[in-house]
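Structure assessment
Listed below, chain by chain, are the residues.
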Amino acid sequence: MAFLNKYHSLFTEYLHANPMSRAPVNLYEPADYILSLSGKRLRPVFVLIGCGLYDNQPEKALKSSLAIEVFHNFTLLHDDIMDRAEVRRGKPTVHVKYNQNTAILTGDVMMIQAYQYLLDYQDPILVTKLLDIFNKMAFEVCEGQQMDMDFESRNDVNIDEYMKMITFKTSVLLAASIHLGALIGGATDTDQQHLYEFAKNFGIAF
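Residues numbered from 1 in each chain as written. Predicted model: local features only at pLDDT ≥ 70, side-chain atom pairs only at ≥ 80, totals over all residues. Heavy atoms only, no water.

Helix and strand counts for the protein stand at nine helices and two strands. The order of helices and strands in the protein, counted from the N terminus, is α-α-α-α-β-β-α-α-α-α-α. Its C-alpha atoms give the protein a radius of gyration of 17 Å, within 12% of the compact-globule value 17 Å for 206 residues. Structurally, the protein occupies a C-alpha span of about 45 × 45 × 35 Å along its principal axes. Considering only contacts within the protein whose residues lie at least 6 apart along the sequence, 71% involve residues at least 24 apart. For the protein, the accessible surface area stands at approximately 10,600 Å², while carbon and sulfur atoms represent 55% of it. For the protein, the centre of its 18 positive side-chain charges and the centre of its 25 negative side-chain charges are spaced 4 Å apart. (Helix = DSSP H or I, 4+ residues; strand = E, 2+ residues; numbered from the N terminus. Rg over C-alpha atoms; globule rule 2.2 N^0.38 Å. Contact = heavy atoms within 4.5 Å. Areas by Shrake-Rupley, 256 points an atom, 1.4 Å probe, with all protein chains shown as cover. Lys, Arg positive; Asp, Glu negative; His and termini not counted. Charge placed at Lys NZ, Arg CZ, Asp CG, Glu CD.)

Next up, the structure:
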């Protein structure tokens, strides 16, 4: 568990050193609010694990780990609006603490910021590969959310449909996390795919 704590601390320090807050405050402050709420940080840790398995400098993957965490929290802002949730991690949700329009717009800017972190890498070939992984995941997360909403009005959802929904809504984000890290760390394509499948199955169980 020591190495998990190391990665968790590494990411937490990086997150605190890179707040989103800037003008206009009413747009960016809610982003820092949701990011400051206690959480497991499992997804960014998976990014660092993926990199650390192949490179002794997991710091190379910090921008991608932050991209994953910001994107994940963007989805939570919008999910909470759709679900009319009032509490997130024991604190008021963003649309309750601020307002719904702010939560929508802050979520939008968080999604854009997540992409910017990936674009900050200097190697254009690496950036293209990172974006391919990230975009596939982002499409599937949105598809999983739509499936989840569709299922609310159905009483005939079968096991295969349900498994596909939770795979897209939850586990592909974990899978993409370790995939991004392994790519940055220099893993072979075969190893990247094996790690992706491992993390996807981990996410389904989670």
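Right, let's talk about unusual backbone geometry for a bit. In the segment running from A23 into P24, the intervening peptide bond is cis, with an omega of -5°. With respect to the secondary-structure elements, P24 resides in the loop between α1 (2–17) and α2 (25–36). Despite not being glycine, R41 shows a phi value in the positive range, around 55°. For R41, the position within the fold is in the loop between α2 and α3 (42–52). Judged by relative accessible area, which is 8%, R41 ranks as buried. Here the phi dihedral of R89 falls at roughly 55°; this positive angle occurs in a residue that is not glycine. The topology assignment puts R89 in the loop between β1 (87–88) and β2 (91–92). (Buried < 20%, exposed > 50% of the residue type's maximum accessible area, 1.4 Å probe, protein only.)

This part takes up the packing of aromatic side chains. In this structure the tally under the stated criterion is six aromatic pairs. A ring pair is formed by F71 and F74, whose centres lie 5.3 Å apart and whose planes are at 65°; its orientation type is edge-to-face. Here the residue F71 and the residue F74 both occupy positions in helix α4 (residues 62–83), the gap between them amounting to three residues, near one helical turn. In this pair, the class of F71 matches that of F74, namely buried. Consider the rings of Y115 and F134, whose centres lie 5.0 Å apart with planes at 75°: the pair is edge-to-face. Of this pair, Y115 sits in helix α6 (residues 100–119) while F134 sits in helix α7 (residues 124–151), and the two are 19 residues apart along the sequence. (Phe/Tyr/Trp six-rings, centres within 6.5 Å; stacked < 30°, edge-to-face > 60°.)

Our focus in this paragraph is α3. With 10 of 11 residues buried, α3 is to be regarded as a mostly interior element. Here α3 has its buried residues at L42, R43, P44, V45, F46, V47, L48, I49, G50 and C51. On its buried face, α3 is in contact with α1, α4, α8 (159–185) and α9 (189–205).

Applying the stated criterion across every chain, the model contains eight salt bridges. Between E140 and K136 there is a salt bridge, and its shortest N-O distance comes to 3.0 Å. Linking E140 with K136, this pair stays in helix α7, spanning four residues, or about one helical turn. The exposure class assigned to E140 is buried, which follows from its relative accessible area of 11%. Residue K136 is classed as partly exposed on the basis of its relative accessible area, which comes to 43%. When salt bridges with common partners are traced through the structure, they connect R154, D156 and E161 into a single cluster. (Salt bridge = Lys/Arg side-chain N within 4 Å of Asp/Glu carboxyl O.)

Running from N to C, α4 and α6 cross one another at 160°; their axes reach a closest spacing of 8 Å. With respect to α6, the element α4 is oriented roughly antiparallel. Regarding α4 and α6, the two cross each other, and that crossing is left-handed. Residue-level contacts link K63, S64, L66, A67, V70, F71, N73, F74, L77, H78 and I81 of α4 to Q100, A103, I104, T106, G107, D108, M110, M111, A114, Y117 and L118 of α6. Residues belonging to the contact of α4 with α6 are distributed by class as follows: 14 nonpolar, six polar and two charged. (Axes fitted to C-alpha atoms, helices over the stretch in contact; angles between N-to-C directions. Parallel < 35°, antiparallel > 145°, perpendicular 65-115°, else oblique. Left-handed = near helix turned anticlockwise from the far one by under 90°. Nonpolar A, V, L, I, M, F, W, Y, C, P; charged D, E, K, R; others polar.)

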